[in-house]
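# Observations on chain architecture
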Amino acid sequence: MPVDAYTCPEIAEREWNEFFGKMPQLIGLSGRLPENGSFFAVDDFGVPVLATRGKDGVFRAFLNICRHRAVRLVSEEAGRASKFTCPFHAWTYSNEGDLIAVPQEKDFGAVDKPCMGLTPLPAEERHGMLWVHPQPDGVLDLESHLGPVLDEVSDHGYQDLVYIGQSVIEKNLNWKLANDTFGETYHFSRLHKDTLANIFVGDHLAYEELGLHHRFVFAVSAINALRDKPESEWGLAGYTNLLYYIFPNVQFAHGAGFSSLVKMYPIPGNPGRSLTRIDHYSSAENIAAVRAAEAQGSELLSSENAYSTEQFQKVPTGLSALTEIFESTVAQEDYLMGEQQQKNAESGAVKELLFGHNEAPLHHYHNTFRKVLGMPPLERVR
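Described below are features of the structure shown in this document.

Rules used throughout
Residues numbered from 1 in each chain as written. Predicted model: local features only at pLDDT ≥ 70, side-chain atom pairs only at ≥ 80, totals over all residues. Heavy atoms only, no water. Pairing = 2+ DSSP bridges. Helix = DSSP H or I, 4+ residues; strand = E, 2+ residues; numbered from the N terminus. Axes fitted to C-alpha atoms, helices over the stretch in contact; angles between N-to-C directions. Core = buried A, V, L, I, M, F, W, Y, C linked by side-chain atoms within 4.5 Å. Buried < 20%, exposed > 50% of the residue type's maximum accessible area, 1.4 Å probe, protein only. Contact = heavy atoms within 4.5 Å. Salt bridge = Lys/Arg side-chain N within 4 Å of Asp/Glu carboxyl O. Expected span 1.5 Å × (residues − 1). Arc of directions from axis to C-beta. 1 Å grid on protein atoms, 1.4 Å probe; cavity = no way out; pocket = protein on both sides within 12 Å on 5 of 7 lines; lining within 4 Å. Points joined across faces, edges and corners; volume = space filled by probe spheres on them. Bend = angle between axes of the 7 residues up to and from the residue. Phe/Tyr/Trp six-rings, centres within 6.5 Å; stacked < 30°, edge-to-face > 60°.

This part is about the sheet that holds strand β10 (residues 123-126). The strand order across the open sheet formed by 3 strands is β1-β11-β10, and the pairing between neighbours is antiparallel. Both edges of this open sheet fall to β1 (25-29) and β10, since each of them pairs with a single strand only. Shown here is a sheet whose adjacent strand axes are inclined to one another by a mean of 25 degrees, direction ignored. Alignment of β1 against strand β11 (residues 129-132), held across 4 bridges, turns out to be antiparallel. Its bridge partner lying in β11, Gly-28 is registered against Leu-130.

Below you can see the structure in the form of structure tokens.
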């Protein structure tokens with residue numbers, strides 16, 4: 001794997017334009033817009049996006065830009081509002097994008113309000129996922145983009161998950177190095193011997209390619225308890241974690257009662273820096289169980305016992321446990337390794353990396369992005 005994929009400004013610019021400027025973007029799950037009037041703003045892939053749910057319950061997306069003088073319309077990250085007022089001259093829009101008020105219009109000049117609403121972006125809510133195309137004239141074809149993933153996730157119940165919070169990590173590593181973190185379990189018992197290795201089984205995964213995307217499943221330590229049970233009682237729930245990679249930059253992790261949507265973005269103009277935004281979601285049942293545990297003072301997975309083999313996925317999972325795992329494992333261990341890789345790649349002393357047979361998701365991920373950019377595939381070492 002040539003390290004220029006992590007350092008080359010020209011490659012980084014092509015990625016930014018092709019992957020983030022021309023491809024559909026998964027900006028969240030339905031739980032980010034839990035009720036009519038909900039909104040949130042996104043500004044991670046070069047286009048400021050305002051996502052709303054109107055009084056009719058429909059998800060819409062717009063450029064978060066006032067049509068008057070191109071000021072950012074909404075500065076809040078999220079909230080609930082029936083209308084949005086520009087801070088510059090107070091042009092006001094409904095949460096369905098219509099221009100509804102222009103101060104002193106008789107002095108400004110007549111404004112054709114139906115033609116001056118917020119600029120809509122192609123948007124679709126499908127199977128509990130919120131998709132946006134970054135270009136107003138773009139084509140949002142989820143069947144083509146997602147392929148077999150679309151049918152596979154149709155019955156996962158994403159539309160019922162509740163948004164409970166967010167983690168943000170910004171580090172000195174290329175966005176693909178951030179993504180590489182989620183491409184194998186070979187490092188679990190080594191790098192994460194004091195953290196993740198307590199709750200997950202490393203060196204084993206069930207992996208399948210799904211077009212541009214892939215899926216793999218790896219075991220929770222509790223799976224060992226199934227050895228003493230008949231196969232008729234075996235199941236995935238509570239004993240495994242499911243991870244979908246959605247091209248180009250999303251890792252979607254699922255556990256018992258919770259999910260984390262991990263989105264990795266380049267920082268334009270700097271191949272050696274990236275931002276990772278993690279949206280945390282929970283089932284309503286898990287939230288109710290967490291509240292009951294807090295009220296009763298009973299067992300709860302939190303930041304203090306997030307890596308407890310005895311309690312992980314056996315007791316209700318609180319938000320602090322999820323944020324602790326992403327902070328102490330991903331930020332402080334995985335991304336620390338990534339920052340060292342980035343620094344050494346930038347030094348010019350390293351020309352290439354090796355991916356092993358047991359790191360198959362990395363083969364697929366890097367060969368896929370290279371193919372989309374018209375680059376040669378990785379060279380197989382014989």
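A few words now on the nonpolar core. Within the largest apolar cluster, 69 residues are counted, with the highest numbers of intra-cluster contacts made by Phe-19, Ile-27, Phe-45, Phe-59, Phe-200, Phe-312 and Tyr-335. Looking at this core element by element, the count peaks at 8 residues for helix α9 (residues 319-346). Setting aside residues no more than four positions away along its own chain, Phe-312 makes contact with Ile-199, Phe-200, Val-220, Phe-258, Leu-301, Ala-306 and Ile-325. Residues Leu-26, Trp-131, Val-153 and Phe-252 belong to the second largest nonpolar core, which totals 19 residues.

Before going further, it helps to examine the environment of Phe-247. You can see Phe-247 is positioned in the loop between β15 (240-246) and β16 (250-254). Assessed through its relative accessible area of 2%, Phe-247 is described here as buried. With sequence-adjacent residues up to four places away left out, Phe-247 is seen in contact with Phe-19, Met-23, His-145, Leu-212, His-213, Thr-368, Phe-369 and Val-372.

This part covers the pattern of salt bridges. The full count for this structure, using the stated rule, is 17 salt bridges. Close ionic contact of Arg-72 with Asp-43 constitutes a salt bridge, the shortest N to O distance being 3.2 Å. One end of the pair, Arg-72, is in the loop between β4 (59-63) and β5 (78-80); the other, Asp-43, is in the loop between β2 (38-42) and β3 (49-53), with 29 residues separating them in the sequence. A salt bridge links Glu-96 to Lys-55; the nearest nitrogen and oxygen atoms lie 3.6 Å apart. Taken as a pair, Glu-96 in the loop between β7 (92-94) and β8 (99-101) and Lys-55 in the loop between β3 and β4 lie far apart in primary sequence, 41 residues in all. Looking at Lys-55, the relative accessible area reads 68%, which means it is exposed. Connected through shared salt-bridge partners, Glu-124, Arg-126 and Glu-143 make up one network.

What follows deals with helix α2 (residues 9-20). Along its 12 residues, α2 runs 16 Å from first to last C-alpha, staying within 8% of the 16 Å computed at 1.5 Å per residue. Taken as a whole, α2 has its buried residues at Ile-11, Ala-12, Glu-15, Trp-16, Phe-19 and Phe-20. The buried residues of α2 occupy an angular sector of 140 degrees when the element is viewed end-on, so they sit on one face. Seen from the open side of α2, the exposed residues pointing more than 90 degrees away from its buried face are Glu-10 and Glu-13. Those residues of α2 that are buried are in contact with α1 (4-7), β1, α6 (175-180), β17 (258-267), β18 (270-282) and α10 (360-372).

With that settled, consider the layout of surface pockets. Roughly 540 Å³ of internal volume is contained in the largest pocket. Together, 16 residues line the largest pocket, and Phe-355, Leu-378, Glu-379, Arg-380 and Val-381 are the ones closest to its centre. By volume, the second largest pocket amounts to about 460 Å³.

Further remarks concern empty space enclosed by the protein. Counted under the stated rule, the structure contains 2 cavities of 30 Å³ or more. Here the largest cavity defines a volume of roughly 350 Å³. Lining the largest cavity are 24 residues; nearest its centre among them are Phe-182, Leu-196, Phe-200, Phe-218 and Ala-253. Put simply, the parts of the chain that give the lining of the largest cavity at least two residues each are β14 (213-219), β15, β16, β17 and α9. Looking at the lining of the largest cavity, the element that brings in the most residues is α9, giving 6 residues. As a volume, the second largest cavity reaches approximately 40 Å³. For the second largest cavity, the full set of lining residues is Asn-179, Asp-180, Phe-182, Gly-183, His-214, Tyr-245, Gln-251, Pro-361, Leu-362 and Tyr-365.

Counting buried residues along β16, 5 of its 5 residues qualify, which places the element largely inside the surrounding structure. Every second residue of β16 is oriented toward a common face, with Val-250, Phe-252 and His-254 on one face and Gln-251 and Ala-253 on the other, all of them buried. Note: β15 against β16, 5 bridges, orientation antiparallel. Across the sheet, Ile-246 pairs through a bridge with Val-250, a residue of β16.

Attention shifts here to the sheet that holds β16. The strands that make up a sheet are held in pairs by hydrogen bonds between backbone atoms, and each pair lies either parallel or antiparallel. In spatial order, the strands read β12-β18-β17-β16-β15-β14-β13; together these 7 strands make up an open sheet with antiparallel pairing. Here the strands that pair on one side only, and so sit at the sheet edges, are β12 (162-171) and β13 (206-210). Across the sheet, the axes of successive neighbouring strands diverge by a mean angle of 15 degrees, strand direction being ignored. When β16 meets β17, the two strands line up antiparallel, connected through 5 bridges. Across the sheet, the residue bridging to Phe-252 is Leu-261, located in β17.

Taken as a whole, α9 carries its principal kink of about 35 degrees at Tyr-335. Positive phi appears at Gly-348, one or two residues downstream of α9, with a value of about 85 degrees.

The next point concerns the packing of aromatic side chains. Following the criterion strictly, the structure yields 19 aromatic pairs and no others. With a centroid separation of 5.8 Å and 50 degrees between ring planes, the pair formed by Phe-216 and Phe-218 is classed as tilted. On the accessibility criterion, Phe-218 (9% relative accessible area) is buried. Geometrically, the ring pair formed by Tyr-365 and Phe-369 is tilted, given 6.3 Å between the ring centres and 40 degrees between the ring planes. Of this pair, Tyr-365 and Phe-369 both sit in helix α10, separated by 4 residues, roughly a single helical turn.

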